[in-house]
Amino acid sequence: MKKVCAITGSNGYVGGCVKNYFAANGWEILELTRRPRPGMRAVKFRLGEEVSPASLADVDTLVHCAYDFQPLRLDEIRAVNVAGTEKLLAAARAAGVIKTICLSSISAYDGCRSLYGNAKLEIEKIALAHGALVIRPGLVYGSGPGGMFGKLVTQVRKASIIPLIGDGSMIQFLVHHEDLCAFMGKFAAEQIKLTPPILTAANEKPWPFKQLLLEIARGLKKNVTFIPLPWRLVWLGLKSAEVCGLKLNFRSDSLVSLMHQNPAPDFSPNAAAGLVCRPLATDKLEF
């Protein structure tokens, strides 16, 4: 019988990559999703709501990718994302799920300033208490880019004049989705015996944000011109729009994460754990 991998957040970019990888490697997929579609094996799931252990009864591995960005206040974020993770992982433990992987973020570190980063830190503590492996991915990219990296590609593709927040010196660390998923697949298949409880999944090369945009432009064979914007002014505009109830594609808290990334991620455990992340090479990507 095929092993079963349950995935939350499979409709998102990273969750979708995880789903495709496990399915391509012989796993049966159980999607935990808000809107199950006919023909798919799925359980109706919404972060923050109760989860029945019976719905995970035959699951071998759970990969928790979901995060709800709709709540903006810390109390709402905790009620949905933090408490929701606790309910999910408690149900997985009660169901006897063998392996659990919780995707956090490189934005989560001691001293982080964003609500998102702090919520992820709380989620990490819950995950560790339930015996899960915690992975902090960097900016995830790959051919057919999606997520935040995909938005950057779209921005560069559509315009030659690019707004640049601040001076563009904010550091990004990147991870190819194939490297991230391959490591999770090895862990789920018990091919990795000794794994630190928290791993930062990214290549060690730091990319200043402006240089990353220039590299994307090079991959697209485009010349771009930057117009610097004061980041606090941009933050104020985003925050004001949120207070007025406007739904934006980019949140003020995401800007805080961008401007205050982890200054010194710890990559030292990766080699011993078998986590290898290739350097970015835009000439090998299919934009």
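Scroll up to find the structure this text is about.
Procedures and definitions
Residues numbered from 1 in each chain as written. Predicted model: local features only at pLDDT ≥ 70, side-chain atom pairs only at ≥ 80, totals over all residues. Heavy atoms only, no water. Helix = DSSP H or I, 4+ residues; strand = E, 2+ residues; numbered from the N terminus. Rg over C-alpha atoms; globule rule 2.2 N^0.38 Å. Contact = heavy atoms within 4.5 Å. Areas by Shrake-Rupley, 256 points an atom, 1.4 Å probe, with all protein chains shown as cover. Expected span 1.5 Å × (residues − 1). Buried < 20%, exposed > 50% of the residue type's maximum accessible area, 1.4 Å probe, protein only. Axes fitted to C-alpha atoms, helices over the stretch in contact; angles between N-to-C directions. Left-handed = near helix turned anticlockwise from the far one by under 90°. Nonpolar A, V, L, I, M, F, W, Y, C, P; charged D, E, K, R; others polar.

Engineer: Would you mind showing me how to read the overall build of the chain here?
Structural biologist: What the chain contains, in helices and strands, is nine helices and 13 strands. Taking 19 Å as the expected radius of gyration for a compact globule of 287 residues, we find that the chain reaches 19 Å, a close match to that expectation. Taking the intrachain contacts of the chain between residues at least 6 apart in sequence as the baseline, contacts between residues at least 24 apart amount to 77%. Carbon and sulfur atoms provide 55% of the accessible area of the chain, an area that totals close to 14,000 Å².

Engineer: Explanation requested: helix H5 (residues 177–188) in the structure shown.
Structural biologist: Spacing of three or four residues puts side chains on the same side of an α-helix, whose turn is 3.6 residues. Taking 1.5 Å of rise per residue, 12 residues should cover 16 Å, and H5 covers 16 Å from first to last C-alpha, within 8% of that figure. Where burial is concerned, most of H5 is hidden: nine out of the 12 residues are buried. Considered for burial, the residues of H5 that qualify are His-177, Asp-179, Leu-180, Cys-181, Phe-183, Met-184, Gly-185, Phe-187 and Ala-188. Looking one or two residues past H5, Glu-190 carries a phi angle of roughly 60°, positive in sign.

Engineer: Any chance you could explain unusual backbone geometry here in plain terms?
Structural biologist: Trans is the prevailing form of peptide bonds, just as negative phi is the prevailing case for residues other than glycine. With phi around 60°, Glu-190 is a residue other than glycine that occupies positive phi space. Residue classification places Glu-190 among the partly exposed positions, given a relative accessible area of 37%. At Lys-221, a position not held by glycine, the phi torsion is positive, near 60°. If you trace the backbone, Lys-221 turns up in the loop between helix H6 (209–219) and strand S13 (225–229).

Engineer: Can you walk me through the packing of helix H4 (residues 147–158) against H6 in this structure?
Structural biologist: Each pair of packed helices can be described by the angle between their axes along with the distance between the axes. Interaxial distance between H4 and H6 falls to 10 Å at its minimum, and their mutual angle equals 65°. Remark: the crossing between H4 and H6 carries right-handed chirality. Touching Phe-149, Leu-152, Val-153 and Val-156 of H4 are Phe-209, Leu-212, Leu-213, Ile-216 and Ala-217, all from H6. Partitioning the contact of H4 with H6 into residue classes produces nine nonpolar, no polar and no charged.

Engineer: Explain the side chain of Arg-136 here, please?
Structural biologist: Along the polypeptide, Arg-136 turns up in strand S6 (residues 133–137). Exposure remark for Arg-136: the relative accessible area of 14% places this residue in the buried category. The contacts of Arg-136, once residues within four sequence positions are left out, are Ser-104, Ser-105, Ile-106, Ala-108, Tyr-109, Leu-121, Glu-124, Ile-198, Leu-199, Thr-200 and Ala-201.

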